[in-house]
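# Observations on the three-dimensional arrangement
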Amino acid sequence: MPEAQRSIEAHPIEFTGSGGEYFRVWIVNVLLSIVTLGIYTPWARRRTAQYFYSHTHVAGSPLEFAVQQRKMVVGFLMMAALYLAYQIAAETGQELASSLLLFGFAALAPFLWGSAMRFRLSATRWRGVRLAFTASWKEVYLASWPVFAFAAIWVIVFFAMNAVSPHPPPSVAGVESPVQLPSLNTQVVGLGILGLVLSLLCVIRLEYNFRSILVLRARIGNQMGRWKPVYMDFVRVWLATIVFFMLSILAAALVFTLLTGGSLAFFKPSRSSGVGSMILFMIFVLLGMTMALILVSLPVRAYREARIFQLVWNNVGVSHIARFKTDLRTGPFIWLRVKNVLLTLITLGFYRPFAVASEYAAKVESVMLYLKGGTDQLAGELVKQQGAFGDAAADALGLDLIG
C-alpha cells in the first residue's frame, strides 16, 4: 500500500499488573536475596523485569523480556568482584591500587552504560521482534565527553582557587596535609560558583547525550529511532526545576518559622544542661535538617522526572512509521510520588511494591502510540527485516530495566 494512503491508528499503551500482584514477586525477591546474602539479585532482577514486561501491552501485544539468566549472573559477579577488589584495596591502605581502580571505574563508565543499553534493548521483544542498540563504542565515548569535562573543570578550578587564595591554609597541629584547601575570599567563592554552574551544565549535557543516542541508535527491524529535542530543551527543564526547588525551600522555611514563632528557643536546651544534652540537640538538628531537605527535594525530583518524561515521549518515534505522545500531568505525578514515599515510610518499606507499580502505571498508561498502517502488516514487515541485524551483545547488569 502506498505510504500516503496508510491510515494512522492510535494505540494506547496499557499496564495490566497491580501492586498486589507485584508485592508477591517483590517479597519473594527480598526474602531470597536476604537468605542468599545478595547472590539471588540477578534472578530477582529477571523476575521483576519479566513481570513488568509481560504486563505492558503495546498495540494490544505484551512486551517480552527474553534473556539468558547466565548473562545476568556473569555480569553481577563481575561487578561484585570489581567492587570487592576496590574495598579491599581501600581498607588495606593500598592507595595506588584503589586510585587506579577508581579511575578505571570512571573510564569504564561509558562502556558499562553502553553495555547496559545493549542488554536492555536486546532483551526486549515485541511480537517476536527483538530491539537492538546499534551505537558503536566510539559514539558512546564521544557522547560521554561531559564526564571527562566534569573532572577537568574541578581540576582547573581547584588549582585556580589555590592561585588566587590570599593565604595558604595553615597546617593542623604542625602536620602538613597532602591536600591543601584554599582560604576563602570573593574570588575563591566566585570560582566555586562557576565550577558548580559548569558542572550542572555538564550533567545536563550528559543526560541529553545519553538519551538522544539511545533513541537515535535504537532499532527495531531496519527502522531507527527518531529524536526531536535539543539541548536547550533540557536546560529549560533543569532551570525550572532549580526555581521550583528554591521556592520549595522558601515555603518550607516560612512554614517552619510560623510553627516555631521565629525562634528555636523551644528546642534549645537550657544552660544547665550537660554536654550530653548539647550533643543530642546537635544530632537532633542535623537529623531534622536532613529529613527536611529530603522532604523538600522529594516533589522537586518528581517534578523534574515528569517534565523530562513529557519532553522525551512527546518528541520521539520510530522512523516514519510510529510516534508517541504522552498526557502525563506534572501535578498529579508529584502528589503520587509524595503519597507513595510517605506510605512507604509509614509501612516500614512494605508499601514499596505498590508505589513502584502505581508510578510505572501512571507513566506507561499516559503514552499513546500512533502507527502508520495496521499492526499486523507492521509486525510482518519488521519480522522480515529482523535478519538484517543480529542479537546485540548483552554483557552488563541491565540498569533501569523498568521505570
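Residues numbered from 1 in each chain as written. Predicted model: local features only at pLDDT ≥ 70, side-chain atom pairs only at ≥ 80, totals over all residues. Heavy atoms only, no water.

## With respect to the packing of helix H1 (residues 19–35) against helix H11 (residues 352–364)
- Interhelical geometry of H1 versus H11 gives an angle of 130° and a closest axis separation of 8 Å. As the angle between them shows, H1 and H11 are arranged oblique. The element H1 and its partner H11 pack so that their crossing is right-handed. The residues of H11 that touch H1, namely those facing Gly 19, Gly 20, Tyr 22, Phe 23 and Trp 26, are Arg 352, Pro 353, Phe 354, Val 356 and Ala 357.
- A class-by-class count of the residues in the contact of H1 with H11 yields 7 nonpolar, 2 polar and 1 charged. (Axes fitted to C-alpha atoms, helices over the stretch in contact; angles between N-to-C directions. Helix = DSSP H or I, 4+ residues; strand = E, 2+ residues; numbered from the N terminus. Parallel < 35°, antiparallel > 145°, perpendicular 65-115°, else oblique. Left-handed = near helix turned anticlockwise from the far one by under 90°. Contact = heavy atoms within 4.5 Å. Nonpolar A, V, L, I, M, F, W, Y, C, P; charged D, E, K, R; others polar.)

## Section: the side chain of Asn 209
- Here Asn 209 lies in helix H7 (residues 186–216).
- Given the relative accessible area of 7%, Asn 209 is considered buried.
- At a separation of 3.0 Å, a polar atom in the side chain of Asn 209 contacts the main-chain carbonyl oxygen of Ala 143.
- Residues in contact with Asn 209, not counting those within four places in the same chain, are Ala 143, Trp 145 and Pro 146. (Buried < 20%, exposed > 50% of the residue type's maximum accessible area, 1.4 Å probe, protein only. Polar contact = N/O pair within 3.5 Å; in protein donor to acceptor, adjacent residues only side chain to side chain.)

## Side note on the pairing of strand S6 (residues 129–133)
- Of all 5 residues in S6, 4 are buried, a share of seventy percent or more.
- Counting the residues that bridge the hairpin from strand S5 (residues 124–126) to S6 gives 2 residues, and of these Arg 127 lies at a positive phi of roughly 55°.
- Two strands pair when backbone bridges link them, and S6 and strand S7 (residues 218–220) are joined in this way by 3 bridges, in the antiparallel orientation. Opposite Phe 133, over in S7, you have Ala 218 as the bridge partner. (Pairing = 2+ DSSP bridges.)

## A word on the sheet that holds S7
- Across the sheet, 11 strands lie side by side as S1-S11-S10-S9-S8-S7-S6-S5-S4-S3-S2; this open sheet has antiparallel pairing. Across the chains shown, the open sheet's two edge strands, defined by having one partner strand only, are strand S1 (8–12) and strand S2 (14–15).
- H7 rests against S6, S7, strand S8 (223–227) and strand S9 (316–318) of the sheet, and its axis sits at about 145° to S8.

## Digging into the side chain of Ser 366
- Assignment of secondary structure puts Ser 366 in the loop between H11 and strand S11 (367–372).
- Within the structure, the side chain of Ser 366 is placed 2.8 Å from the side chain of Thr 326, a separation counted as a polar contact.
- Of the polar contacts made by the side chain of Ser 366, one reaches the backbone oxygen of Lys 363; its length is 2.6 Å.

## Considerations on the confidence of the model for the protein
- Counting all residues, the mean pLDDT for the protein is 79, and 72% of those residues have values of 70 or more.
- Predicted confidence for residues 171–179 stays below pLDDT 50, and this span has 2 contacts to residues more than four positions away or in other chains.
- In the model, residues 385–403 has pLDDT below 50 throughout and makes 55 contacts with residues more than four positions away in sequence or in other chains. (pLDDT = per-residue confidence, 0-100.)

## Topic: the packing of aromatic side chains
- Scanning the entire structure with this criterion turns up 24 aromatic pairs.
- Aromatic side chains Tyr 40 and Trp 43 sit 6.2 Å apart centroid to centroid with 15° between the ring planes, which places their arrangement in the stacked category.
- On the basis of relative accessible area, Tyr 40 is assigned to the buried category, the value being 15%.
- Trp 43 gets classed as partly exposed once you look at its relative accessible area, which sits at 34%.
- When the ring of Phe 111 is compared with that of Trp 137, the centres are 4.7 Å apart and the planes differ by 40°; the resulting orientation is tilted. With a gap of 26 residues between them, Phe 111 in helix H4 (residues 95–122) and Trp 137 in helix H5 (residues 137–143) connect regions that are remote in the sequence. (Phe/Tyr/Trp six-rings, centres within 6.5 Å; stacked < 30°, edge-to-face > 60°.)

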